[in-house]
Amino acid sequence: EGLSNAARHARASHVAVNVRMEGEQVVVEVIDDGVGLPAGNQRRSGLDNMGERARRHGGSSQARPNQEGGTTLRWTAELNS
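Worth saying up front: this structure is predicted, and the values here are computed from it rather than measured.

**Q** Help me get a handle on the pairing of strand 1 (residues 15-22), residues and values and all.
**A** Bridge count between strand 1 and strand 2 (residues 25-32): eight bridges; the pairing is antiparallel. The residue of strand 2 that forms the bridge with Ala16 is Ile31. Counting the residues that bridge the hairpin from strand 1 to strand 2 gives two residues, and of these Gly23 lies at a positive phi of roughly 65°.

In structure tokens form, the structure reads like this:
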């Protein structure tokens, strides 16, 4: 979903994907240099679905703007949930 959003909506030139472990959680970050999150956007079905999947597995999902432009999507889940 994060890569799909970057490709379909962000108009990004570059996208990085980082996957790592933090304790018992897997952390996935999708970082792009696109246009960022639109202000007042009410259409969030993809991001909401990602958040729900993360919560079902003891994690979380956040999308935040980068200082230099673009967006970082951070998704976590417990490995043993």
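**Q** Please provide a residue-by-residue account of the sheet that holds strand 3 (residues 61-65), values included.
**A** Strand order in the open sheet formed by four strands is 1-2-4-3, with antiparallel pairing between adjacent strands. Taken across any chain shown, the strands that pair with only one partner, and hence form the sheet edges, are strand 1 and strand 3. Adjacent strand axes in the sheet meet at a mean angle of 15° when their direction is disregarded. Packing of helix 1 (residues 2-10) onto the sheet brings it into contact with strand 1, strand 2 and strand 4 (71-78), and relative to strand 2 it is tilted by some 10°. Relative to strand 4, helix 2 (residues 45-56) is tilted by about 25°, and along the sheet it contacts strand 3 and strand 4.

**Q** Break down helix 1 for me, citing the residues and quoting the values.
**A** Within helix 1 the residues assigned to the buried category are Gly2, Asn5, Ala6 and Ala10. Down the axis of helix 1, the buried side of the element spans an arc of 100°, and every buried residue falls inside it. Those residues of helix 1 that are exposed and aimed more than 90 degrees away from the buried face are Ala7 and Arg8. Immediately downstream of helix 1, the backbone of Arg11 shows phi near 55°, a positive value.

**Q** Let's hear about a nonpolar patch on the surface: which residues, and what values?
**A** Residues Leu3, Val15, Val17 and Val19 make up a contiguous nonpolar surface patch of roughly 340 Å² in combined accessible area. For the nonpolar patch, the leading source of residues is strand 1, giving three residues. Within the secondary structure, Leu3 is located in helix 1.

**Q** How would you explain the pattern of salt bridges if you had to name every residue and give the values?
**A** It is possible for side chains of opposite charge to pair when their charged atoms get near one another. Throughout the structure, instances matching the rule amount to five salt bridges. Taking the shortest distance from any N to any O, the salt bridge between Glu29 and Arg20 comes out at 3.2 Å. According to the relative accessible area criterion, Arg20 is partly exposed, its value standing at 32%. Ionic pairing is found between Arg74 and Glu22, a salt bridge with its closest N-O pair at 2.9 Å. Taken as a pair, Arg74 in strand 4 and Glu22 in strand 1 lie far apart in primary sequence, 52 residues in all. By relative accessible area, which is 34% here, Glu22 ends up partly exposed. Ionic contacts of the salt-bridge type, sharing partners, join the residues Arg20, Glu22, Glu29 and Arg74 into one network.

Basis of the calculations
- Here, residues in each chain are numbered from 1, in the same order as that chain's written sequence.
- Given that this is a predicted model, residues contribute local features only at a pLDDT of at least 70 and side-chain atom pairs are listed and counted only at 80 or more, while totals for whole chains, interfaces and linings are drawn from all residues.
- Hydrogens and water molecules were not included; the side-chain quantities draw on all heavy atoms of the structure.
- Think of it this way: DSSP has to see at least two bridges between two strands before they count as a pair.
- In this text, helices come from DSSP runs of H or I with a minimum length of four residues, and strands from runs of E with a minimum of two, each type numbered from the N-terminal end.
- Only the stretch in contact is used when fitting a helix axis, every axis being a line fitted to C-alpha atoms; angles between N-to-C directions are given from 0 to 180 degrees.
- Should any heavy atoms of two residues lie within 4.5 Å, those residues are considered in contact.
- A 1.4 Å probe rolled over the protein chains alone gives each residue an accessible area, and that area as a share of the maximum for its type sets the label: buried under 20%, exposed over 50%, partly exposed in between.
- The arc under discussion is defined with respect to the helix axis, by the directions toward the C-beta atoms.
- Patch building starts from residues that exceed 30% relative accessible area and form no salt bridge, then joins like charges within 9 Å and nonpolar side chains (Val, Leu, Ile, Met, Phe, Trp, Tyr) within 5 Å.
- Shrake-Rupley sampling with a 1.4 Å probe provides the accessible areas, and residues are treated as covered by the protein chains on show and by no other component.
- By convention in these notes, a salt bridge is any Lys or Arg side-chain nitrogen within 4 Å of a carboxyl oxygen on Asp or Glu.

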